[in-house]
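Each chain, written out:
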Amino acid sequence: MEQTASAAYPNILVAETLKKAGRPSKNAEALVREGAIAILSFQTSDGGFGWWSGGNDPQLWVTAYGLHMLKATSRIVDVDVRPVERAKLWLRAKQKNGRWGDAGRTHGVRIDSIALTAYVARALGGDAKAADALEEDLAKCDDAYDLALITLALHASGRDSANRAALARQASGLKMPGFASKIWIAAARLSGVCCEKKR
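Residues numbered from 1 in each chain as written. Predicted model: local features only at pLDDT ≥ 70, side-chain atom pairs only at ≥ 80, totals over all residues. Heavy atoms only, no water.

### Here we look at the pattern of salt bridges
This model, assessed by the stated rule, comprises nine salt bridges. The salt bridge involving Asp127 is made with Arg92; its shortest N-O contact spans 3.3 Å. Pair noted here: Asp127 is in the loop between α5 (113-123) and α6 (128-138) and Arg92 is in helix α4 (residues 81-93), with a separation of 35 residues, a long-range link. By relative accessible area, which is 8% here, Asp127 ends up buried. Bridged by salt links that share partners, the residues Arg99, Glu136, Asp137 and Lys140 form one connected network. (Salt bridge = Lys/Arg side-chain N within 4 Å of Asp/Glu carboxyl O. Helix = DSSP H or I, 4+ residues; strand = E, 2+ residues; numbered from the N terminus. Buried < 20%, exposed > 50% of the residue type's maximum accessible area, 1.4 Å probe, protein only.)

### Here we look at unusual backbone geometry
Within the chain, Asn97 stands out as a residue other than glycine whose phi angle is a positive 55°. Looking at the secondary structure, you find Asn97 in the loop between α4 and α5.

### A closer look at the nonpolar core
Core analysis: the biggest nonpolar cluster contains 47 residues, and Ile39, Trp100, Val120 and Ile150 have the highest contact counts within it. For this core, the elements supplying multiple residues, two or more each, are α1 (2-20), α2 (26-40), α3 (60-73), α4, α5, α6 and α7 (144-156). For this core, the element with the highest residue contribution is α3, accounting for nine residues. Ignoring sequence-local partners within four residues, the contact set of Ile150 consists of Ile114, Ala118, Leu134, Leu138, Cys141 and Leu167. (Core = buried A, V, L, I, M, F, W, Y, C linked by side-chain atoms within 4.5 Å. Contact = heavy atoms within 4.5 Å.)

### Overview of the confidence of the model for the protein
For the protein, the mean per-residue pLDDT works out to 84, and 80% of the residues sit at or above 70. The weakest mean pLDDT in the protein belongs to helix α9 (residues 179-191) at 58; the strongest belongs to α4 at 97. Segment residues 193-199 is flagged for pLDDT under 50; beyond a separation of four residues in sequence, or across chains, it makes 11 contacts in the model. (pLDDT = per-residue confidence, 0-100.)

### Examining the environment of Ala36
Among the secondary structure elements, Ala36 is positioned in helix α2. Take Ala36: its relative accessible area is 7%, and that puts it in the buried class. Placed 31 residues apart in sequence, Ala36 and Ala5 show a C-alpha to C-alpha distance of 8.5 Å. In contact with Ala36, other than residues within four places in its own chain, are Leu70 and Thr73.

### As for the packing of aromatic side chains
Here the structure, examined in full by the defined rule, presents two aromatic pairs. Judged by centre distance (5.6 Å) and plane angle (75°), the ring pair of Trp51 and Trp61 falls under edge-to-face. Of this pair, Trp51 sits in the loop between β1 (49-50) and β2 (58-59) while Trp61 sits in helix α3, and the two are 10 residues apart along the sequence. With a relative accessible area of 6%, Trp51 lands in the buried category. The class for Trp61 is buried, based on a relative accessible area of 17%. Clustering of aromatic rings is evident, with ring pairs tying together Trp51, Trp61 and Tyr65. (Phe/Tyr/Trp six-rings, centres within 6.5 Å; stacked < 30°, edge-to-face > 60°.)

### Some remarks on the packing of α2 against α3
The interhelical angle for the contact between α2 and α3, taken along N-to-C directions, is 155°, at an axis separation of 10 Å. When the axis of α2 is compared with that of α3, the two are roughly antiparallel. For the crossing formed where α2 meets α3, the hand is left-handed. Packed against α2, whose contacting residues are Val32, Ala36, Ile39 and Leu40, the element α3 presents Gly66, Met69, Leu70 and Thr73 at the interface. Tallied by class, residues from the contact of α2 with α3 come to six nonpolar, two polar and no charged. (Axes fitted to C-alpha atoms, helices over the stretch in contact; angles between N-to-C directions. Parallel < 35°, antiparallel > 145°, perpendicular 65-115°, else oblique. Left-handed = near helix turned anticlockwise from the far one by under 90°. Nonpolar A, V, L, I, M, F, W, Y, C, P; charged D, E, K, R; others polar.)

Rendered as structure tokens:
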């Protein structure tokens, strides 16, 4: 699934850029539509998304990724809301105490509960229970990537304003070499935690 989605995402970005520039492209829209059809082939009968097309072994993070892709696709072309709602219901059924803890099979990559909860909450377009849990996690977050995901999840949940000072304070205490600082800065700008661009 992730290879299909990753191949489809550049088409979404190109189509979105052309649309914003006032030059929408039917060809680009057709490629986005094809990508959505391919992504939907990974949805299982219970609403989750699995690694393989037509499979029946949904994985949590793959489902969040599929949902994220369908939402991005919907900015360009119409997407049937039924598969989107089924994926949301599947994800919410896996939530415990505001968190998601088991990512499913990940090719050996460990996804911690903070990152997973933040990623899923953002894919859902926000989640109040997850936002409560992430607010608790904020003070102990010592990873720039996790902090960026928390920032985006709180933004999607409408909680970034209330946590703006705490997010900025936590970020100021982290060592963020190279790419990690770029991830944090991008998330912070998007959510309004900081908005000054370096010149």
